[in-house]
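# Working through the structure, step by step
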Amino acid sequence: VAITAEYKTPAAHLGLRGLKLHIASVRCTPETMFDMRLNSHSRLNLITALLEAIEAGADEALMLDPHGCISSCNATNFFFVRGGEVLTSTGDYCFHGITRRNVIELCRADGIAIHCGHFGINDLGDADEAFVTGTMGGITPVREIDGAHLPSIPGPLTSRIKALYESLKDAEATRRPAS
């Protein structure tokens, strides 16, 4: 039995200046091998991708699915903005997290154009902004992907979605009685 803990240096300041992502050579696996939609301790490919990203000087790994399309990061879900539209993976090979779902629903409810689809690395070339979502970090802007700097950190849509998400969290917190 081998247990490998994910290693990442804490960096609370990254939310202010944005994350630096590295496109990992390690791919997300199909659900027949490991279903990313399940919360499990068997995440060797995600840890390996993160270690590769750290070696490349990045904060997190952007991972592709087995077909070469953008899937997710090693610990968060990935979104990017191009031409005023928010783009993200279909969800076939990524975490089906609550924050990801909330962002998709918030975009739709607030009239923000969002498209879940199959996007290649080349689709990132003209991205205006990008962000990741996760339970711990909420919505965190991305500043760089494989050496390419994004023009807006955080961009206007990232900021708008982050504000919508913060309002949702505040509303949920006031609805629940203290325990």
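For the structure, check the block above.
I will try to describe carefully the structure that is included in this document. (Residues numbered from 1 in each chain as written. Predicted model: local features only at pLDDT ≥ 70, side-chain atom pairs only at ≥ 80, totals over all residues. Heavy atoms only, no water.)

For the protein chain, the count of helices and strands is 4 helices and 9 strands. The order of α-helices and β-strands along the protein chain, N terminus first, is α-β-α-β-β-β-β-α-β-β-β-β-α. A buried classification covers 45% of the 179 residues belonging to the protein chain. Taking as baseline every contact in the protein chain between residues at least 6 positions apart, the subset at least 24 positions apart corresponds to 65%. On the protein chain, roughly 9600 Å² of surface is accessible, and the fraction owed to carbon and sulfur atoms is 55%. (Helix = DSSP H or I, 4+ residues; strand = E, 2+ residues; numbered from the N terminus. Buried < 20%, exposed > 50% of the residue type's maximum accessible area, 1.4 Å probe, protein only. Contact = heavy atoms within 4.5 Å. Areas by Shrake-Rupley, 256 points an atom, 1.4 Å probe, with all protein chains shown as cover.)

To continue, consider the pairing of strand β3 (residues 70-73). Direction of pairing for strand β2 (residues 60-64) relative to β3: antiparallel, over a ladder of 3 bridges. Residue pairing across strands places L62 opposite C73, the latter belonging to β3. Taking the residues that link successive antiparallel strands as the turn, the β2-β3 hairpin has 5 residues, and the phi of G68 there is positive, at about 85°. (Pairing = 2+ DSSP bridges.)

What follows deals with unusual backbone geometry. Phi angles above zero are rare outside glycine, and D146 is one such case at about 50°. In this structure, D146 sits in the loop between β8 (138-145) and β9 (148-149). Overall, the relative accessible area of 43% leaves D146 in the partly exposed class.

What follows is about helix α3 (residues 98-109). The terminal C-alpha atoms of α3 lie 16 Å apart, and with 12 residues this matches the ideal 16 Å at 1.5 Å per residue to within 8%. Three or more residues of α3 are buried, namely T99, R100, N102, V103, I104, L106 and C107. In this structure, the buried residues of α3 make contact with β4 (77-82), β5 (85-89), β6 (114-117), β7 (129-134), β8 and α4 (156-175). Just downstream of α3 lies G111, where phi reads positive at about 75°. (Expected span 1.5 Å × (residues − 1).)

With the rule as written, the count across this model stands at 7 salt bridges. Ionic pairing is found between D126 and R82, a salt bridge with its closest N-O pair at 3.9 Å. Taken together, the residues D126 in the loop between β6 and β7 and R82 in strand β4 connect sequence positions 44 residues apart. Since its relative accessible area comes to 46%, D126 is described here as partly exposed. Residue R82 is classed as partly exposed on the basis of its relative accessible area, which comes to 25%. What emerges from the salt-bridge pattern is a single network uniting R82, D123 and D126. (Salt bridge = Lys/Arg side-chain N within 4 Å of Asp/Glu carboxyl O.)

What follows deals with the packing of aromatic side chains. If you walk through the whole model with that rule in mind, you get 3 aromatic pairs. With 5.0 Å between their ring centres and 5° between their planes, F79 and F131 make a pair best called stacked. Separated by 52 residues along the polypeptide, F79 in strand β4 and F131 in strand β7 bring together distant segments of the chain. With centroids separated by 5.6 Å and ring planes inclined at 85°, the aromatic side chains of F80 and F119 adopt a geometry described as edge-to-face. With F80 in strand β4 and F119 in the loop between β6 and β7, this pair connects stretches of sequence that are 39 residues apart. Judged by relative accessible area, which is 1%, F80 ranks as buried. Ring pairing ties together the aromatic residues F78, F80 and F119, which thus form one cluster. (Phe/Tyr/Trp six-rings, centres within 6.5 Å; stacked < 30°, edge-to-face > 60°.)

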